[in-house]
Amino acid sequence: MSTRTLVSTITCPHCWHEFAPATVRFISEHAALRGDAVLGDAAQLRFLPSRFDAQGRAIDPLGAACTRLACPRCHLELPPAVIELPQTILSIVGAPACGKSVMLAAASFSMRSGLVVDGLEFLDADPTLNDLTVELESALFRSSTPDRPTMIAKTDLSGRLYRSFRFADASWTAPKPQLFVIGRGGARHLLALYDNAGEHFLPGADAPHEPVTRHLAVSRALVFVVDPTQDQRVIERLGGREAVQSMGGAGSLEQRQDLVLIEAANRVRRLRGLGANEPLPLRIVLALAKADIWGHLAEPQIRSAAERLPARPSIAVPSPEVLAEIDGASARFLAAHMPEFLATARALDPRLRVVPFSGLGSAPSRVAAAAALAIRPRDLRPMWPAAPLVVALSEAEPALFREFARA
Ligand SMILES: Nc1nc2c(ncn2[C@@H]2O[C@H](COP(=O)(O)OP(=O)(O)OP(=O)(O)O)[C@@H](O)[C@H]2O)c(=O)[nH]1
Ligand SMILES: [Mg+2]
């Protein structure tokens, strides 16, 4: 008989409740057991089993064998790996339209390819739960019509990317986690990522019963996606608003990205009960998006990679040495163009890391004057799309990516 080692506690990736593996609920299979107190009439009953069959499957009250697991608080389904693998939650934060969804799609798609980092294994923990990632990836990277221009839609603030459950006499809404099994060198983790709408991170947008950014309470690293094309000084260097917008830059938005970062840090402190003077308990990784647009303004390490686009795709994470040089060059780019943003970020985390990337690798364009920006999937050439996540993971879980952790 095979033995399994269980983790000591589980953090639910849906509602972030912490619980012991022995209290995990099972999802009933018998058709007559429809209706659940937490999820409503359409869901199958969740139950705490007292009987198991010879294969270790739980027996539901009407005698059917059950294998699907659910959280004891929100009753939402959990992948089976959750009871065996340690979990790493990363928070991806950034202003509206900064490039979060494109980064997620490009990063997850390229991590599956095995070409990002030697020896990396990256799988959906449960494909039925990862429909959001599958959708994001197929919009751009798995298109069956690679010559038809397309683009990822703006992330909705509510609706099908979120799920509701009842708890303590109230209705709660939480974003759908995307769960992956990530392994390297014998270590394996369950990785949870979330694609929030940028509006959720704006100051004042944290509603009590819509804990859509509450992953900040438990995440191990904060990937802050910075869009240099949202900054007035960068816009001027790039030839003005219209020029920047026509390439996918966010030239028209008046977001103060430093305020979004401060708000995220404040939520981390508030949710974890930390004082204003305590250091943040997680590393900040600044992911500088859309390098295809602004990369030529930076130093050679970034410029040469950006200028090689779209001729040579570079989805591999650069070597640790190159990454260190790029980190320095990116920080100097920020110091030259967005100094107060860099100062804010350094005040929050003096040991922060900076990684530029481009999820598309070349600029989208309009097929007609009034049409939205789009790009032919055939023209996609992501540049270092997974590097921000790998660097964040190297800080959060050094066992997985030891060589990329700060020396
Ligand atoms: N040139 C260029 N444009 C990009 C790139 N990534 C994103 N864009 C443009 O920026 C727009 C917004 O990107 P998204 O990934 O949807 O941004 P987001 O952060 O998910 O935005 P919200 O969902 O509103 O929070 C896209 O529609 C593209 O036009 C890139 O790598 N290069
Ligand atoms: Mg989005």
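Residues numbered from 1 in each chain as written. Chains lettered and ligands numbered in written order. Predicted model: local features only at pLDDT ≥ 70, side-chain atom pairs only at ≥ 80, totals over all residues.

Next up on the list: the site of ligand 1. Surveying the vicinity of ligand 1 reveals 26 residues, the closest of which are K100, S101, T155, G198 and G248. With three residues, the top contributor of residues to the shell around ligand 1 is helix α1 (residues 100-112). Class assignment for the residues of the shell around ligand 1 results in 14 nonpolar, eight polar and four charged. (Near = placed C-beta within 6 Å. Helix = DSSP H or I, 4+ residues; strand = E, 2+ residues; numbered from the N terminus. Nonpolar A, V, L, I, M, F, W, Y, C, P; charged D, E, K, R; others polar.)

This part is about helix α8 (residues 320-337). Taking 1.5 Å per residue as the helical rise, α8 with its 18 residues ought to reach 26 Å, and the 25 Å between its terminal C-alpha atoms agrees with that figure. Three or more residues of α8 are buried, namely L323, I326, D327, S330, F333 and L334. The buried residues of α8 all sit within an arc of 130° when viewed along its axis, so they share a single face. (Expected span 1.5 Å × (residues − 1). Buried ≥ 20, exposed ≤ 12 C-beta atoms within 10 Å, placed from the backbone. Arc of directions from axis to C-beta.)

Here we take up the sheet that holds strand β18 (residues 283-288). The seven strands lie next to each other as β12-β15-β16-β11-β17-β18-β19, forming an open sheet whose pairing is mixed. What marks the edges here is a single partner per strand, and that holds for β12 (121-124) and β19 (353-356). Each strand of the sheet is rotated relative to its neighbour by a mean of 25°, with strand direction disregarded. Relative to strand β15 (residues 178-184), β12 runs antiparallel, the two sharing four bridges. Across the sheet, residue F122 finds its bridge partner in β15, namely I182. Along the sheet face, helix α10 (residues 387-396) touches β11 (87-93), β17 (221-226), β18 and β19 and points at about 170° away from the line of β18. (Pairing = 2+ DSSP bridges. Axes fitted to C-alpha atoms, helices over the stretch in contact; angles between N-to-C directions. Contact = placed C-beta atoms within 7 Å.)

We now examine the nonpolar core. In this structure, V223, F224, A264, V285, L286, A287 and V390 are the most contacted members of the largest nonpolar core, which totals 118 residues. Per-element tally for this core: the top contributor is α1, with eight residues. Split by domain, this core shows at least three residues from each of two domains, domain 1 (10-78) and domain 2 (87-404). The residues touching L286, leaving out its near neighbours within four places in the chain, are F224, V226, A345, L352 and V354. (Core = buried A, V, L, I, M, F, W, Y, C linked by C-beta atoms within 7 Å. Domains from an automatic or database assignment.)

All right, on to the pairing of strand β5 (residues 40-44) then. As paired elements, strand β4 (residues 34-36) and β5 share two bridges and run antiparallel to each other. Counterpart to R34 in the pairing with β5 is Q44. Connecting β4 to the next strand, β5, in antiparallel fashion are three residues.

Backbone hydrogen bonds are what pair the strands of a sheet, in a parallel or an antiparallel way. Here four strands make up an open sheet; going across it, the order is β6-β3-β9-β10 and the pairing antiparallel. Each having just a single partner strand, β6 (46-47) and β10 (77-78) make up the two edges of the open sheet. Of the strand pairs in this sheet, strand β3 (residues 25-27) and strand β9 (residues 69-70) are connected by two bridges, and their pairing is antiparallel. Bridge pairing in β9 places R25 opposite A70.

On to the environment of S164, then. Looking at where S164 falls in the secondary structure, it is placed in strand β13 (residues 162-167). Judged by C-beta crowding, with 16 C-beta atoms within 10 Å, S164 ranks as partly exposed. C-alpha separation for the pair S164 and P175, spaced 11 residues apart in sequence, amounts to 9.0 Å. With near-sequence residues (within four places) excluded, S164 lies in contact with S171, W172 and T173.

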